[in-house]
Amino acid sequence: MPGDKSMSHRALILGGMADGVTRIRGLLEGDDVLRTAVAVGALGAGTERVGPGEWIVRGAKWQSPAAPIDCGNSGTAARLLMGAVAGFPISATFTGDASLSSRPMERVLGPLRSMGARTEGSTLPLTIHGGGLTGIRFMNEKASAQVKSAILLAGLRADGEVDVIEPAPSRDHTENMLRQFGCEVVTERSRIALGQHRSLIGTDVTIAGDPSSAAFPIVAALIVPGSQVTVRNVMLNPLRAGLLITLREMGAGIQVKNERIEGGEPVADLAVATSSLSGVEVPAHRAPSMIDEYPILAVAAAFAEGRTVMHGLAELRVKESDRLAAIVAGLLECGVEAREEGDSLIVEGRGAPPRAAVTYRLITIIASR
Ligand code: S3P
């Protein structure tokens, strides 16, 4: 699998803020992450691509960028960079595409203001005036890693205690990577606190393979008859592993092989074989650990025998699209019975490929003759 997107953004941002040089291997070079690379450069750090996925970042004291920072489609770029910028005595304007410009930013701007930043605008385009921050004890209403990360990044340059309390644990790549850069971070159950020592020293970072990207070949192997597929280099951080737990509950045959630690994260190769799947109930508390995987889980559910109910999906409505509505519309289009009920998604599996899949298979068989 290519490098994890969440880790890739963080490696560039932390490298750009650190003292000295950071060498990154396995960076995901998709548009979202490249926006972060350009932004970190515009804020004064040195960024150089020295090979495929291999980057050198020279950290600097950030300066006001000459032009607005265009985050494209990336919520992670926007929210994490806003937090990092807020710590410096600089101003930066953030812009993005139509989708990002309609997504909620107050969840980050509110706490940053409480720490002392000034903000103009509540959706993109918006401007942050940073510097002179004080600490915060923040109760995160949502299990959002982007919000948590923005506060921790701002907190690196704040005076006083900085801690975030989460309703449920969200992905912890920021905490893990901050520690790799030498910063003290304490995690006690649902509370994450920065320690006294908050300076960052440039380091070598290896990005583990993206479990959210791996989700697609894994589900494809499960539902396509006769498959036997090994997906190599998949990060198995427990806060990202909700899909694997759910697929196994559905009856998926997935073997974990060659377990190792890479870039501070557990990584393995996954051997996946076609499996008969059954519908399950996915509890709301699992949502943060598989928030980007519900669209492909819904596809697996459409091939399963029986009803799958997925709870606690309110956050899916404020992603790059309203993913809840988009999943239902896509499944209905393929002849699958699916509906929203409050913040839950219900998919009726018939234990057989849905109409669209049968049609697709017939077309491929005819075409191959
Ligand atoms: C991400 C956190 C999640 C996730 C997104 C990446 C991150 O968003 O959906 O794709 O890298 O921190 P929220 O923090 O809004 O849940």
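Throughout, residues of each chain are indexed from 1 in the direction in which the sequence is written. With the structure being a predicted model, the display of local features is reserved for residues of pLDDT at least 70 and the display and counting of side-chain atom pairs for 80 or more, all residues being used for whole-chain, interface and lining totals. The side-chain numbers reported here are obtained from all heavy atoms of the structure, hydrogens and water having been left aside.

This part covers the pattern of salt bridges. Here a salt bridge means any side-chain nitrogen of Lys or Arg lying within 4 Å of a carboxyl oxygen belonging to Asp or Glu. Counting across every chain of the model gives 28 salt bridges. Among the ionic pairs, Arg 323 bridges to Asp 292, the shortest N-O distance being 2.9 Å. Here Arg 323 is found in helix H11 (residues 323–333), whereas its partner Asp 292 is found in the loop between strand E16 (281–282) and helix H10 (294–303), with 31 residues between them in sequence. When its relative accessible area of 15% is taken as the criterion, Arg 323 is described as buried. For the exposure calls, accessible area comes from a 1.4 Å probe over protein chains only, and a residue counts as buried if that area is under 20% of its type's maximum, exposed if over 50%, partly exposed in between. Asp 292 gets classed as partly exposed once you look at its relative accessible area, which sits at 26%. Among the salt bridges present, the one from Arg 339 reaches Glu 341, with a minimum N-O distance of 3.3 Å. Each of Arg 103, Arg 171, Asp 292, Glu 320 and Arg 323 takes part in salt bridges that share partners, so that together they form one network. Helix numbering and strand numbering both begin at the N terminus, where a helix is a DSSP run of H or I of at least 4 residues and a strand a DSSP run of E of at least 2.

A few words now on the site of the ligand. Neighbouring residues are identified by heavy atoms, a residue being near a molecule or strand if any of them is within 4 Å of it. Taken together, Ser 6, Arg 10, Thr 76, Ser 144, Ala 145, Gln 146, Arg 171, Ile 291, Asp 292 and Lys 319 are the residues near the ligand. At 2.7 Å from an oxygen atom of the ligand is found a side-chain nitrogen or oxygen belonging to Lys 319. Of all the secondary-structure elements, those providing two or more residues to the shell around the ligand are helix H1 (5–17) and helix H6 (145–155). By residue class, the composition of the shell around the ligand is two nonpolar, four polar and four charged. Two domains share the shell around the ligand, each providing at least three of its residues, namely domain 1 (5–206) and domain 2 (211–350). Contacts described as polar in this section are N or O atom pairs within 3.5 Å, which, within protein, must combine one atom able to donate a hydrogen with one able to accept it, while residues neighboring in sequence count only if both atoms come from side chains. Residues are grouped as follows: nonpolar covers Ala, Val, Leu, Ile, Met, Phe, Trp, Tyr, Cys and Pro; charged covers Asp, Glu, Lys and Arg; every other residue, Gly included, is treated as polar. Throughout the structure description, domain borders are defined by an automatic or database domain assignment.

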